[in-house]
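If you want the building blocks of each chain, they are given just below.
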Amino acid sequence: MLRQAAISCLIAVLALPAVARTRPHYGGTLRVEVEGDGSKSSNGLIWRLEMDGLTQFGVDGTPRPALAIRWASENNDHRWQFWLRPAVQFRNGWPLTSAAVVASLTQSCPTNCPWTALHAVGASVVITSDSPMPNLPSLLAENQFLIHLMDAGDGKEPPCCVGTGPFQLAQGLPLNLVANENYWGGRPFVDKVEILTNKSVRDQWLDLSVGRADLVEVPAEQLRQAQQQHLTVVASPPVTLLALAVSDSSVLSNPNLRTAIALAVDRNALSNVIFQKQGEVTASMLPGALTGYSFLFPTDRDLNKAHEVRGGLNTPPLTLAADNNPTMQLAAQRLALNLHEAGFTVQVTNAATAQHKDLALLQLTLASSQPQPALESILRSVGVATPVIENTPAGIYKMEREFLDTHTLIPLLYLPRAYAISGRVRDLRLSPDGTPLLADVSLQDAQ
Amino acid sequence: MRASAAQQVRDIIRPNEPSREIRIPMKLPCLIAMVICSLTALSAQVQNTAPSPWQQPAAALAEQVADLLGPGQAHLTIRNLSTISIDQIPSIRRLLTQELKTHGVINSGAESANVIRVTLSENAHERLWVAEVVEGVQTRVVMVRLDPGRAQQPQSASGLTMLRQTIFATSDQVLAALETSNGVVLVEPEEIVIFVQTPDGWHEQKRVGMGQTRALTRDPRSVVYPSTDATGFEAFTPGTACAGAYQSEKGWTIHCHESDDPWPLAWPIALPDPNNGAASIKAFYNAARNYFTGVVTPNVNLDLPPFYTAVQFPRPNGIGLLIGGIDGKVQILETAPLKTIAGTRDWGSDFAVLQTGCGSGTQIVASGSGEASSDSLRAYDLPAQEAIPASAPLAMDGTVAALASSPDGKSLIAIVHTAANQYEVDRVTASCN
């Protein structure tokens, strides 16, 4: 009898009309918390919310129209012309013009630019270079080249980030960004994004658990912990390259010493101990998922060979600079220990205050998911302004091999970027570089 | 002189067997050998007529290796880091060995000074075969690219079987599509594009900007229907309406204008009996959002809630209006008040009417409520106030961005946004089991 009643109740519950998943809703406030200062760094969230590039990356990693609606190259990629989207305005109401784009790009790239000259030609921008620029549309989608207003009209440079993006910065703290009703790509679904900066990851997770936050950060080394706590995590493929930059001047101008350093680093220990096996051990600049050839760069440590190559050369103490956060400092300490075992004396310092750096632990972002522009982007970020013209796997491999054989950059790990979200967040996607695309997010309880 | 294998077998057997009894078994091995030879020859012939998919990459890689190595001996090793099935490896090895041999490179034992290490690898876009050619202390690398293997589309069935056929694919965003007699009309965010199909493939016939004065919403929507005289089409996007007409001497003429006119909810022919007195309903669309306001014409004497989708559906007592509200509820209007439909837990926001001729004759096909990236379509019967599944879910390999009945109601047009950022125009039909 009791069993029949239970079954009847169950059937009744199942027969109740349930609310189905719908198209995205408009409205509501998305509450985001970040560890750093989201407004100042070019990797900060606010840049992507407030500004657009001439191009943007599609989900397949290829450049798609953004502020430029089309582009064409001539003269074997030495000259590019980008035609601007009409009727786009900056946050202050000023129209997007080719002159404004040229001013913004000029300010974004004072030296070592992919181009030689920029010209405003009618409603288009012409970019020329002495070298071919096959990857220019992809490079222009990167954070460095987002377009912002350079002249507020009074001859003064306006405050940061007056752009054309899907959100507009409002006054006050926490940082409030309101939806741009006239955004060319369509008004964002949420009305407002509220960003709390300088929150520790522990506090972020606490706020998420009590419903005070909707989107918080999950560092790669804490992904396992987030899973154990049953957080809803959205993670990118490996997009952050942890690499050791090695100076090729002063004492390390000797290539044998650089080779010895490359042979002495213990990537597996770094991955297992510091990053809790969440990284992808790599000795290549591009991850295997992009190229399919990363296995050609051996990742194993060879301490005996490191000693052999170093050949008993004595070196003065080396400085290893790393960001002043606990994980990067720990990783740097671990590397210092590796190098000590190979006969080097290494002192770890804070990258922000270091006067001299023999070695630097870097986090480089894989901007594109296409190997050719991705390699050029990484090379540019370590100061090598060489266009990657080859577009075949063999050609890209050759270029990567030649650069890595100098041992001025030692790839260590590829790490994912990840975020935890509350139950009201829908359709969070990440860009190819792992940045959350907040304009596409909607809230389940918005009406 | 060497004896043949058959002769050797005969010699071994002969001492122990009486001569008369030997004759028949002696013929049997010959017969078996002949059959085996014939089968081998036939097999080789079949292999020749249907070349292996690995033939071309094996030949290309072998040629590159031979260019590096020159004629001689080398030890070939193969490792598989790709999704190629392990049972394919022997045939790949055989092909590589053959191709290397044709270039004078003979596969030798592990003692050889030269080693060819082949790795079958892949990346997110394609397969990659890499050969490391080791000569003493020198290692050189060559590689060839292959197209990725495509996964087979799963099929499933229960009461009726739904079938999906991709008729057009593009990298440009598509909001709505209409099949014509020899092509397709695509509504893109800012343009209407007409493609025709010729024996050479698809060709763009006409492209016209719609001239919107305001930006579209983030989830833009559109509808396109045949014109009432069936020689053209009418298309609606937020704030804009377009009409296209085809004349054999002039081709297509398309005119667009700003418009807040209500959108037709369905092409009338999609209903089983368009002359039964039920008027075709039009609904006002909220151009600043992604839903209909709830105001419809002609008036239905009831305040409808805002909705994403509404279709007219045959009911025992006439035509009902099925509404997918922005709150996720699916309700039906027959006589006031609105009644909630149960069993729609798995429905997404898009549904359309499909005349299958199976069961009740007409079903509702709804998108799924699961992850948007792995959307599906499923047919439902609606005998009363509960939706009853009539088919298995049909995987769509992407997000169903729009769903509409075709003019004759016997198929649906689904716009699918795939993970590869392609927009597919799929024709969905059903057959009775």
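Now for a look at the structure at hand.

**Considering the overall build of chain B**
Right, on to step 1. Check the secondary structure of chain B and you find 4 helices and 29 strands.
Right, on to step 2. Burial status across chain B gives 37% buried among its 433 residues.
Right, on to step 3. Taking contacts inside chain B between residues at least 6 apart in sequence as the whole, the part at least 24 apart equals 48%.

**Looking at the interface of chain B and chain A**
Right, on to step 1. With 38 residues of chain B in contact, the opposing surface of chain A contributes 38 residues.
Right, on to step 2. The element that contributes the greatest number of residues to the side of chain B that touches chain A is strand β5 (residues 138-146) of chain B, accounting for 4 residues.

**Observations regarding helix α4 (residues 89-102) of chain B**
Residues and elements named next belong to chain B.
Right, on to step 1. Given a rise of 1.5 Å per residue, 14 residues ought to cover 20 Å, and the 20 Å separating the end C-alpha atoms of α4 matches this to within 8%.
Right, on to step 2. All of the buried residues along α4 are I92, L95, L96, E99 and L100. Relative to the axis of α4, the buried residues are bounded by an arc of 130° and lie together on one face. For α4, the exposed residues lying more than 90 degrees away from the buried face are P90 and T102.
Right, on to step 3. Summarising the contacts, the buried residues of α4 are in contact with α3 (55-69), β1 (72-80), β2 (105-107) and β3 (114-122).

**Regarding the packing of α3 of chain B against α4 of chain B**
Residue and element names in this part refer to chain B.
Right, on to step 1. The geometry of α3 relative to α4 is characterised by a closest axis approach of 8 Å and an angle of 45° between their N-to-C directions. Relative to α4, the element α3 is oriented oblique. For the element pair α3 and α4, the recorded crossing hand is right-handed. Of the residues in α4, those in contact with Q55, A58, A59, L61, A62, V65 and A66 of α3 are I92, L95, L96, E99 and L100.

**Considering α3 of chain B**
Residue and element names in this part refer to chain B.
Right, on to step 1. Taking 1.5 Å per residue, 15 residues should reach 21 Å; α3 reaches 21 Å between its end C-alpha atoms and fits that length.
Right, on to step 2. Summarising the contacts, the buried residues of α3 are in contact with β1, α4, β2, β3, β4 (127-135) and β5.
Right, on to step 3. Where α3 terminates, the next one or two residues include G70, which has phi positive at roughly 75°.

**A short note on the pairing of strand β11 (residues 215-218) of chain A**
Residues and elements named next belong to chain A.
Right, on to step 1. On β11, burial covers both faces: L215 and E217 on one face and V216 and V218 on the other are all buried.
Right, on to step 2. Of the pairings in the sheet, the one linking β11 to strand β17 (residues 409-421) comprises 4 bridges and is antiparallel in character. Along β17, the bridge assignment pairs E217 with Y419.

**Details of unusual backbone geometry**
Right, on to step 1. Note that the residue after T297 of chain B, namely P298 of chain B, is joined by a cis bond; omega there is 0°.
Right, on to step 2. Take P298 of chain B: it is sitting in the loop between β17 (292-297) and β18 (307-315).
Right, on to step 3. Of note in the backbone geometry, N112 of chain A takes a positive phi value of approximately 50° without being a glycine.
Right, on to step 4. In this fold, N112 of chain A is placed in the loop between α3 (98-108) and β6 (117-121).

About the thresholds
- Residues numbered from 1 in each chain as written.
- Chains lettered and ligands numbered in written order.
- Predicted model: local features only at pLDDT ≥ 70, side-chain atom pairs only at ≥ 80, totals over all residues.
- Helix = DSSP H or I, 4+ residues; strand = E, 2+ residues; numbered from the N terminus.
- Buried ≥ 20, exposed ≤ 12 C-beta atoms within 10 Å, placed from the backbone.
- Contact = placed C-beta atoms within 7 Å.
- Expected span 1.5 Å × (residues − 1).
- Arc of directions from axis to C-beta.
- Axes fitted to C-alpha atoms, helices over the stretch in contact; angles between N-to-C directions.
- Parallel < 35°, antiparallel > 145°, perpendicular 65-115°, else oblique.
- Left-handed = near helix turned anticlockwise from the far one by under 90°.
- Pairing = 2+ DSSP bridges.

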